[in-house]
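Residue-level structural notes
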Amino acid sequence: ETGVTQTPRHLVMGMTNKKSLKCEQHLGHNAMYWYKQSAKKPLELMFVYNFKEQTENNSVPSRFSPECPNSSHLFLHLHTLQPEDSALYLCASSQEASENYEQYFGPGTRLTVT
Amino acid sequence: KNEVEQSPQNLTAQEGEFITINCSYSVGISALHWLQQHPGGGIVSLFMLSSGKKKHGRLIATINIQEKHSSLHITASHPRDSAVYICAVPPYSGGGADGLTFGKGTHLIIQP
């Protein structure tokens with residue numbers, strides 16, 4: 001399998017549930033990103049990991065918890081979410097965490113919080 | 001922080017027309033990205049450029065660093081070009097933060 005994959009592709013969860021989103025890249029990249037895309041809004045950066053170290057947390061609420069066990073895998077752990085957290089969550093990777101490297105995106109997880 | 005403005009927000013054109021989408025940003029950058037998002041959400045990187053012009057098939061991207069402006073052109077447009085086109089830049093000048101900040105996107109529809 002090549003490129004950036006995300007699972008699940010669709011997720012419906014209640015506000016009291018705990019779930020995790022998974023991202024995997026097969027490109028040999030060292031940087032991985034989580035982005036959020038809400039309806040009618042631009043893409044927003046959430047977290048950046050470079051060589052497994054978190055380098056950016058864009059003022060994301062603590063109910064979103066990222067984990068990067070190695071350079072190929074990135075998780076987003078979700079707990080006690082709100083309905084306004086319903087959105088498309090996109091993972092991306094690049095050679096390193098710099099604007100000078102092209103980013104490769106996964107297909108996204110469409111999350112609905114009920 | 002960099003502010004990104006795209007225009008137009010929506011564009012409907014006939015097949016074969018020449019398309020131009022514009023992007024302006026407020027803070028000096030080293031590279032600008034153009035992305036394409038199809039219905040369903042998948043995003044593809046089209047161009048990353050820091051100066052001049054790049055061409056890939058029927059797509060051309062230009063950037064003027066001094067004027068903080070970039071354009072994406074599509075020649076001989078086709079219905080399969082229908083998508084949202086997004087401009088993205090670093091959030092701050094001179095680095096200092098990883099990741100990108102994005103424009104709101106241009107929703108392009110090419111009618112047969």
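Conventions used here
Residues numbered from 1 in each chain as written. Chains lettered and ligands numbered in written order. Predicted model: local features only at pLDDT ≥ 70, side-chain atom pairs only at ≥ 80, totals over all residues. Heavy atoms only, no water. Salt bridge = Lys/Arg side-chain N within 4 Å of Asp/Glu carboxyl O. Helix = DSSP H or I, 4+ residues; strand = E, 2+ residues; numbered from the N terminus. Buried < 20%, exposed > 50% of the residue type's maximum accessible area, 1.4 Å probe, protein only. Pairing = 2+ DSSP bridges. Axes fitted to C-alpha atoms, helices over the stretch in contact; angles between N-to-C directions. Disulfide = S-S within 2.5 Å. Phe/Tyr/Trp six-rings, centres within 6.5 Å; stacked < 30°, edge-to-face > 60°.

What follows concerns the pattern of salt bridges. Residues and elements named next belong to chain B. In this structure the tally under the stated criterion is two salt bridges over all chains. Taking the shortest distance from any N to any O, the salt bridge between Asp81 and Arg58 comes out at 2.8 Å. Taken together, the positions of Asp81 in the loop between β8 (69–74) and β9 (83–89) and Arg58 in the loop between β6 (52–56) and β7 (59–64) put the pair 23 residues apart, joining distant regions of the chain. Note on Asp81: relative accessible area 7%, which makes it buried. A relative accessible area of 26% means that Arg58 is categorised as partly exposed.

Right, let's get into the sheet that holds strand β1 (residues 4–7) of chain B. Residue and element names in this part refer to chain B. If you walk across this open sheet you meet the five strands as β1-β3-β8-β7-β6, and the pairing is antiparallel. Sheet topology places β1 and β6 at the edges, where each strand pairs with a single neighbour. Going across the sheet, the axis of each strand differs from the next one's by a mean of 15°, ignoring polarity. When strand β3 (residues 19–25) meets β8, the two strands line up antiparallel, connected through six bridges. Directly across from Ile19, in β8, lies its bridge partner Ile74.

To continue, consider the state of the cysteines. Note on terminology: a disulfide is the covalent bond linking the sulfur atoms of two cysteines. All names here are of chain A. Here the structure, examined in full by the defined rule, presents two disulfides over all chains. Note that Cys23 is cross-linked by a disulfide to Cys91, the S-S spacing being 1.9 Å. Handedness of the Cys23-Cys91 disulfide follows from its S-S torsion of about -70°: it is left-handed. Of this pair, Cys23 sits in strand β3 (residues 18–25) while Cys91 is found in strand β9 (residues 87–94), placing the two residues 68 residues apart along the sequence.

To continue, consider the pairing of β9(A). One face of the sheet, then the other: side chains in a regular strand alternate in exactly this way. Residue and element names in this part refer to chain A. The buried fraction of β9 amounts to eight of the eight residues, a majority that puts the element mostly inside the structure. Going residue by residue along β9, you find Ala87, Tyr89, Cys91 and Ser93 tucked away on one face and Leu88, Leu90, Ala92 and Ser94 tucked away on the opposite face as well. Pairing between strand β4 (residues 31–37) and β9: seven bridges, direction antiparallel. Each bridged residue has a counterpart across the sheet, and for Lys36 the counterpart in β9 is Tyr89. Taken together, the three bridges between β9 and strand β11 (residues 109–113) define a ladder with antiparallel strand orientation. Across the sheet, residue Ala87 finds its bridge partner in β11, namely Leu111. Sheet topology places β9 next to strand β10 (residues 104–105); two bridges connect them, and they run antiparallel. Considered in β10, the bridge of Ala92 is made with Phe105.

Now for the packing of aromatic side chains. A full pass over the atoms with the stated rule returns four aromatic pairs over all chains. With centroids separated by 6.0 Å and ring planes inclined at 15°, the aromatic side chains of A:Tyr33 and A:Tyr35 adopt a geometry described as stacked. A single burial state applies to A:Tyr33 and to A:Tyr35, both of which are buried. Members of the aromatic cluster, each reached through a chain of ring pairs, are A:Tyr33, A:Tyr35, A:Phe105 and B:Phe102.

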